[in-house]
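Inside the fold
Now for the letters of each chain:
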Amino acid sequence: MIIRAPVIVTMEGELMRDGLVRVERDRIVEVTTSNIGNSSDVLSLDNHVLLPGLINAHCHLDYTCLRGKIAPRESFTDWIRAINAEKAQLGENEYAESIQQGLKEARRFGTTAIVNLEAFPELITRIQPVPLRIWWCSELIDVSAPGETEQRVSNAVHRLQRRAAGLAPHALFTASAELFRRCAEIACANRWLLTTHLAESREEMQMFRDAAGPLFDFLRAFGRDASDCGGTTPLARFLHICPGIAQKDTTWLIAHLNELTERDFELLRNLPEKFSIAHCPRSHVYFRHSPFPFERLHALGFNICLGTDSLASNMDLSLFAEMRQFRQSHPQLSAAEILGMVTVNPASVLRRKSDLGKIAPGFLADMIALPLNGSADIYEQITGFEGHVPWMMINGVEAAVPSRTG
C-alpha cells in the first residue's frame, strides 16, 4: 500500500509536505516526496496530517468502569479507601469487560500501543485480540501477605509468557523490598519492562521521611511493617533496595515522581544511567499533587513520557487531552517536544526506538491521521486536537476506529 498525505510528521526532524509512505506487510519501507511508482493501491489522505500512532506510557485498564465514580478526595489515603470500596463490588467479568472497553476507547483516541498495569493477570487470556500493541505489566502487592511474595511473582511470570510483558511492584508502601528485588531479577533475565509508582503524593513522603501521616497510619492498621519508614525519602528508599537500577538489561519506567527533596535531586544527578518517567497530567491535577518538576528532571537527562493513568482519576483515555494539559502547565515547551512524549520517548523505554514512534523506513506501520484545520503550526494542531481519530493503521493493516458504542 502507498499512503499519500499533504503533511507527514515523521518525528525525524522537518515536516514532510506532499509525502508518500510505502508499506509492505507490517513495515514502512519508503517515505518520500518523489513518485514511487504506479500502484492501484494508493490511499490519499486529503486534507489530513499523517503521524505515528500514540503510545500511552501508564494506564490501568482494569478501572475503565470507574469513570466518574470517585470524586476528588481531600487526601490521597482517602482516595485509596474509596477505590478499594469500589473494587470490592467488582468481579472478574466486570474487570474483563472494563479492560475490553478501555482498549476500544484508547484506539478511538489514536493510541496504537499501551503500557497497561494489570492487577489481575489471570484475565489476560480472556481479553479478545485487538489491533493494539499491549505491554501487560503484572501489578504486584504483598503488603497483606508477606509470606506469599515468591508465589505471587511466579504466578505473574507464568501468565505473562510469550507476551510483551513487564512486572510492576505497585509501590514502596504496598510492595516489600523482596518483591522489588525479585521483580528486578526476573525482568533483567527476560529483558522485560519494570514499572512502579514512586514519590507520587505528599502523604507518601510523610510516611517515609517522618514515619507519620494518613498513609502511614492507614498501612500500620493494615499490619504493614513500618521499620523502613523514617529518616529517608521514597526515592532514596527505592534506590537503596534496587541498587542495580543502572544495569543495562534493566529498564525502569517510574510513574509520577512528584515529591523530591534537594537531596533526591543530588541522587538523581549522580545516577550513572537514567530511568524513564511516566507523568500523567490530568490525573496529577485530579489529585492536586505537588507541581511535577519537569524542568529539573529534563535538564538531568531523564526520558519523560505521558500516560493517562486510570479512569478512577481521569475522565477518558485521550493522550491528546494529556498533551493539552501538559502544555497548559509547561507553556515553555514546544508542541513538537510534547508530541515526542507520546511517540519517540515511550518507544525508547520500551526498547523499540528503532521500530516504533516514527514514520521512517524499517519502522512498524503504526500510524494515525488527523484532519488539518488550516492553522500554520502543524504541531499545535496535533497537540490541540479534540475528538476521535478518523483513520489509523496498526502493524500495516488499516484498523477500524471503534465507535463510541462499539
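Use the structure listed above.
The rules behind these values
- Residues numbered from 1 in each chain as written.
- Predicted model: local features only at pLDDT ≥ 70, side-chain atom pairs only at ≥ 80, totals over all residues.
- Heavy atoms only, no water.
- Core = buried A, V, L, I, M, F, W, Y, C linked by side-chain atoms within 4.5 Å.
- Buried < 20%, exposed > 50% of the residue type's maximum accessible area, 1.4 Å probe, protein only.
- Helix = DSSP H or I, 4+ residues; strand = E, 2+ residues; numbered from the N terminus.
- Contact = heavy atoms within 4.5 Å.
- Phe/Tyr/Trp six-rings, centres within 6.5 Å; stacked < 30°, edge-to-face > 60°.
- Axes fitted to C-alpha atoms, helices over the stretch in contact; angles between N-to-C directions.
- Parallel < 35°, antiparallel > 145°, perpendicular 65-115°, else oblique.
- Left-handed = near helix turned anticlockwise from the far one by under 90°.
- Nonpolar A, V, L, I, M, F, W, Y, C, P; charged D, E, K, R; others polar.
- Salt bridge = Lys/Arg side-chain N within 4 Å of Asp/Glu carboxyl O.
- Pairing = 2+ DSSP bridges.
- Arc of directions from axis to C-beta.
- Right-handed = clockwise from strand over helix to strand, strands pointing away.

Among the nonpolar cores identified, the biggest contains 104 residues, and L257, L268, F275, L297 and L339 are the most heavily contacted of them. With seven residues, helix α4 (residues 177-190) is the largest single contributor of residues to this core. Aside from chain neighbours lying at most four places away, what touches L257 is L198, A199, L235, F275, I277, F292, P293 and L297. Membership of the second largest hydrophobic core comes to 18 residues, among which are V21, V31, A365 and W391.

As a further point, take the packing of aromatic side chains. Going through the model one piece at a time under the given rule, you end up with 13 aromatic pairs. Plain terms: the ring middles of F275 and F302 are 5.0 Å apart, the flat faces sit at 50 degrees to each other, and that makes the pair tilted. A residue pair is termed long-range when its members are at least 10 positions apart, and F275 in the loop between α8 (262-269) and β12 (276-279) and F302 in the loop between α10 (294-299) and β13 (303-306) qualify at 27 residues. We classify F275 as buried; its relative accessible area is 4%. Their ring planes at 90 degrees and their centres at 4.9 Å tell us that Y286 and F287 sit as a pair that is edge-to-face.

Here we come to the environment of L51. For L51, the position within the fold is in strand β5 (residues 48-52). Residue classification places L51 among the buried positions, given a relative accessible area of 0%. Those residues within four positions of L51 in sequence are excluded, and the remaining contacts are V9, L339, I359, M367, I368, L370 and I382.

This paragraph deals with the packing of helix α3 (residues 149-160) against α4. Closest axis-to-axis distance for the α3/α4 pair is 10 Å, and the angle between their directions is 30 degrees. In terms of orientation, α3 lies roughly parallel with respect to α4. The hand of the α3/α4 crossing is right-handed. Here T149, E150, V153 and V157 of α3 lie close against α4, whose contacting residues are E178, L179, R182, C183 and I186. The class makeup of the residues in the contact of α3 with α4 is five nonpolar, one polar and three charged.

Next up on the list: the pattern of salt bridges. This structure, assessed with the given rule, holds 23 salt bridges. For E92, the salt bridge identified is with R126, shortest N-O distance 3.3 Å. One end of the pair, E92, is in helix α2 (residues 92-108); the other, R126, is in the loop between β7 (111-118) and β8 (133-140), with 34 residues separating them in the sequence. Judged by relative accessible area, R126 falls into the partly exposed class, the value being 40%. In this structure, the salt-bridge partner of R209 is D210, at a minimum N-O distance of 3.1 Å.

Further remarks concern the sheet that holds β12. Taken in spatial order, the eight strands line up as β6-β7-β8-β9-β10-β11-β12-β13 in an open sheet, and their pairing is parallel. Only two strands of the sheet have a single neighbouring strand rather than two, namely β6 (54-59) and β13. Averaged over neighbouring strand pairs, the angle between their axes works out to 25 degrees when direction is ignored. Here two bridges tie strand β9 (residues 165-169) to strand β10 (residues 193-198), and the two strands are oriented parallel to one another. Within β10, the residue paired with G166 across the bridge is L193.

Attention now moves to α8. Burial in α8 covers these residues: D264, F265 and L268. Projected onto a plane normal to the axis of α8, the buried residues spread over an arc of 100 degrees and lie on a single side. Turning to α8, the residues buried within the fold contact α5 (202-210), α7 (234-241) and α10.

Helix α6 (residues 214-221) packs onto α5 with a crossing angle of 70 degrees between their chain directions and a minimal axis gap of 7 Å. Considering their axes alone, α5 and α6 lie roughly perpendicular with respect to each other. Along the contact surface, α5 presents E203, E204, Q206 and M207, while α6 presents P214, L215, F216 and L219. Residues of the contact of α5 with α6, tallied by class, amount to five nonpolar, one polar and two charged.

This part takes up the pairing of β8. For β8, the tally of buried residues reaches eight of eight residues, placing the bulk of the element in the interior. By the alternation rule, side chains of β8 split into R133, W135, C137 and E139 and I134, W136, S138 and L140, which are all buried. Bridge count between β7 and β8: six bridges; the pairing is parallel. Residue N116 lies in a different strand from β8, and its bridge partner there is W136. In this sheet, β9 lies alongside β8 in parallel orientation, the contact comprising five bridges. Within β9, the residue paired with W136 across the bridge is A165. With respect to chirality, the unit in which β8 leads through α3 into the neighbouring parallel β9 is right-handed.

All right, on to the environment of L172 then. Following the sequence through the fold, L172 ends up in the loop between β9 and α4. Note on L172: relative accessible area 3%, which makes it buried. Residues within four places of L172 in sequence aside, it is in contact with F180, H197, L198, F208, R224, P234, R237, F238 and I241.

Limitation: the analysis is restricted to geometry and does not speak to function.
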